[in-house]
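Geometric and topological summary
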Amino acid sequence: MTPHRKTEAETYRQGIAKGEIPALSRAITLAESTLPEHKKLAREIITWCLPRSGKSIRVGITGIPGVGKSSFLESLGLYLARECGKKIAVLAIDPTSSETGGSVLGDKLRMQELSRHENVYIRPSPSAGSLGGVAKKTSDAVILCEAAGFDTIFIETVGVGQSEITCHSMVDFFMLLMITGAGDDIQGIKRGIIERADAVLITKADGRNKKKAELMKQEMEEALRFHRPPESGWVPKAYACSSVTGYGIREIWQCVMDYENLCRENGYFTEKRRKQAKYRLHEALVQNLEDSFYENSLVKETLVKVEKEVMEGKTDPYTGAANLLDLYFERFRPPRSAQEK
């Protein structure tokens, strides 16, 4: 390690330890970078942060676009910051265009009042095409935020595809937001998603819609009773809430606290974190292998040719992939003379 690199890493560590937002933001940017030198520095910082993390409650929030995730987060976040004295980090994962690579990073605009609070940090990150719209480096961002002193971490997903499953794999408590007037097929209410939810929230329960929201809440309570109890021993709850009036916000957070208390007492909280760490290990292995494969010079030289052959029907995708993998792993095989011995 060069003296310059060591000094640079130490500067980041000192800033994060003091809870300095500029240092935290730059460290998350490093973790999201694909540049080899940035990856190396990020790993040094995160390795230092890891023993200083893990003391927060991590809450996942998902739901279809338009369900009111950002409005709900602002209402809940302001309650926690103002009345409960919490330090809150919101990791809002925005959709990234697969065509242009552009990202709609609008969460600070949607949560203007919350973003101005001194104990709140909002970090919008492009999903960069990762599975389910959850950024590949979100788990690193969680560790960095916890080391910087944030005790409540929210992860807001784009709410499409497999994002619910991916988000669930990195949080302690998982909220599913729903609205009245949308069919199950539109809201994506598959059995697997509801089974993962620790609470189902019916949003926009105000004005003329309040009665409908309360009715839907009762229906969800009935539906949740038919699901197999989760390993945690927790019975999922349903709530109606309003980001405009604040209706149900206090009760929802009490629900999170009740869940945490139960799961800490029965040991599930710690066990779930352990399983998530194992999941992250395998995820990192897959990602590192993928990065190493596509960064390999021989693969880069041959990939375009193989792609063209597949597109023209001269070879099938599986044979093309097998040939590229053989090319990649060739460098790990011992020389033929050594094999003969």
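Refer to the structure printed above.
So, a few notes on the structure that sits alongside this text. (Residues numbered from 1 in each chain as written. Predicted model: local features only at pLDDT ≥ 70, side-chain atom pairs only at ≥ 80, totals over all residues. Heavy atoms only, no water.)

1. Brief notes about the overall build of the protein chain
For the protein chain, the count of helices and strands is 16 helices and seven strands. Going through the 341 residues of the protein chain one by one, you find that 46% of them count as buried. In the protein chain, of all internal contacts separated by at least 6 residues, the share reaching a separation of at least 24 is 74%. Counting only carbon and sulfur atoms, one obtains 54% of the accessible surface of the protein chain, whose full area is about 18,600 Å². (Helix = DSSP H or I, 4+ residues; strand = E, 2+ residues; numbered from the N terminus. Buried < 20%, exposed > 50% of the residue type's maximum accessible area, 1.4 Å probe, protein only. Contact = heavy atoms within 4.5 Å. Areas by Shrake-Rupley, 256 points an atom, 1.4 Å probe, with all protein chains shown as cover.)

2. Brief notes about unusual backbone geometry
The phi torsion at K204 lies on the positive side, around 60°, for a residue other than glycine. Residue placement: K204 occurs in the loop between β6 (199–202) and α11 (210–224). The class for K204 is partly exposed, based on a relative accessible area of 41%.

3. Description of the pattern of salt bridges
Where charged atoms of side chains with opposite charge meet at close range, the side chains can pair. Applying the stated criterion across every chain, the model contains 15 salt bridges. Residue R58 is joined to E146 by a salt bridge in which the shortest nitrogen-to-oxygen separation is 2.8 Å. Of this pair, R58 sits in strand β1 (residues 57–62) while E146 sits in helix α7 (residues 138–147), and the two are 88 residues apart along the sequence. Among the residues examined, E146 registers a relative accessible area of 6% and is labelled buried. (Salt bridge = Lys/Arg side-chain N within 4 Å of Asp/Glu carboxyl O.)

4. Section: the environment of R26
Along the chain, the position of R26 falls in helix α2 (residues 21–32). Its relative accessible area of 43% is what places R26 among the partly exposed residues.

5. Considerations on a nonpolar patch on the surface
Nonpolar side chains collect at one region of the surface, where L325, F329 and F332 lie side by side and expose about 290 Å² of accessible area between them. Summarising the element assignment, F329 is placed in helix α15 (residues 317–329). (Patch = residues over 30% accessible without salt bridge, like charges linked within 9 Å, V, L, I, M, F, W, Y side chains within 5 Å.)

6. As for helix α13 (residues 268–295)
For α13, spanning 28 residues, the distance from its first C-alpha to its last is 40 Å, which sits close to the expected 40 Å at 1.5 Å a residue. Among the residues of α13, Y268, F269, K272, R273, Q276, R280, Q287 and F293 are the ones counted as buried. (Expected span 1.5 Å × (residues − 1).)

The values reported here are purely geometric and, on their own, carry no functional implication.
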